[in-house]
Amino acid sequence: MTTNDARRRIFGLDVFGIELDPETRCAHYHREDDIVAIKFKCCDEWFACYECHAALADHPAKVWPTVDFNKEVILGGACGQQLSATEYFACESKCPSCDRTFNPSCTNHRHLYFQVS
C-alpha cells in the first residue's frame, strides 16, 4: 500500500509522508504551524497531507462523511493528541491539549478530507 521509507513512528502511530519530520510536517507543508496528520477514510492510515497520500498510497483518497465526524481522525503533531473532525473544526486552529497553533489555512483543504455541504 505505501512505501516503508516514507513512514515515521510519531506518538506510537505510523504516519506516512514525504520528508516527514517528528511533528508531522512534510515536503509539501512545512511551516512552523503545519503540525497535524490526517487519518484517511479510504485506508485508515495516517498521512501528513493529501499530497503525501496521493504520492504514496496505491488508491484514491476518500473523504470522511459527516456521520463519522465523531471519530478521531486528526493527530496533533506537537503533543500526540487525537481529535475528532468535530473537535478539530471547533478548536479555532489551536490544539486543545498543548495550545500549539495549527495552520489556519488548512481549512482551505477541508473538502479534500471531509464531506462538506
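1. What to know about the sheet that holds strand β5 (residues 72-76)
Alright, step 1. The strand order across the open sheet built from 6 strands is β1-β2-β4-β3-β5-β6, with neighbouring strands paired in mixed fashion. Each edge of the open sheet is held by one strand with a lone partner, namely β1 (7-10) and β6 (82-84).
Alright, step 2. Of the strand pairs in this sheet, β5 and β6 are connected by 3 bridges, and their pairing is antiparallel. Note that in β6 the partner of E72 across the bridge is S84.

2. Points about the pairing of β1
Alright, step 1. As defined by bridge partners, β1 adjoins strand β2 (residues 13-16) across 4 bridges and the pair is classed as antiparallel. Its bridge partner lying in β2, R9 is registered against D14.
Alright, step 2. A loop of 2 residues connects β1 with β2, the two strands running antiparallel in sequence, and F11 in this loop sits at a positive phi of about 50 degrees.

3. As for the pattern of salt bridges
Alright, step 1. All chains considered together, the criterion is met by 11 salt bridges.
Alright, step 2. A salt bridge links E32 to R100; the shortest N-O distance between them is 3.5 Å. Here R100 lies in the loop between α2 (85-90) and α3 (110-113) and E32 lies in the loop between β2 and β3 (36-39), a separation of 68 residues in the sequence.
Alright, step 3. Residue E32 is classed as exposed on the basis of its relative accessible area, which comes to 60%.
Alright, step 4. When salt bridges that share partners are traced, they join D21, E23, R25, E32 and R100 into one network.

What counts as what
- Position numbers for residues count from 1 along each chain, tracking the sequence in the order it is written.
- Side-chain atom pairs in this predicted model are given and counted only at pLDDT of 80 or more, local residue features only at pLDDT of at least 70, and totals for whole chains, interfaces and linings cover all residues.
- Remark: hydrogens and water are excluded; side-chain values derive from all non-hydrogen atoms of the structure.
- The pairing criterion is simple: DSSP has to find at least two bridges between the two strands.
- Secondary structure elements are defined from DSSP: runs of H or I of at least 4 residues count as helices, runs of E of at least 2 residues count as strands, and each element is numbered from the N terminus.
- A side-chain nitrogen of Lys or Arg and a carboxyl oxygen of Asp or Glu constitute a salt bridge if their distance falls within 4 Å.
- Working definition: with a 1.4 Å probe on protein chains only, accessible area under 20% of the residue-type maximum means buried, over 50% means exposed, and in between means partly exposed.

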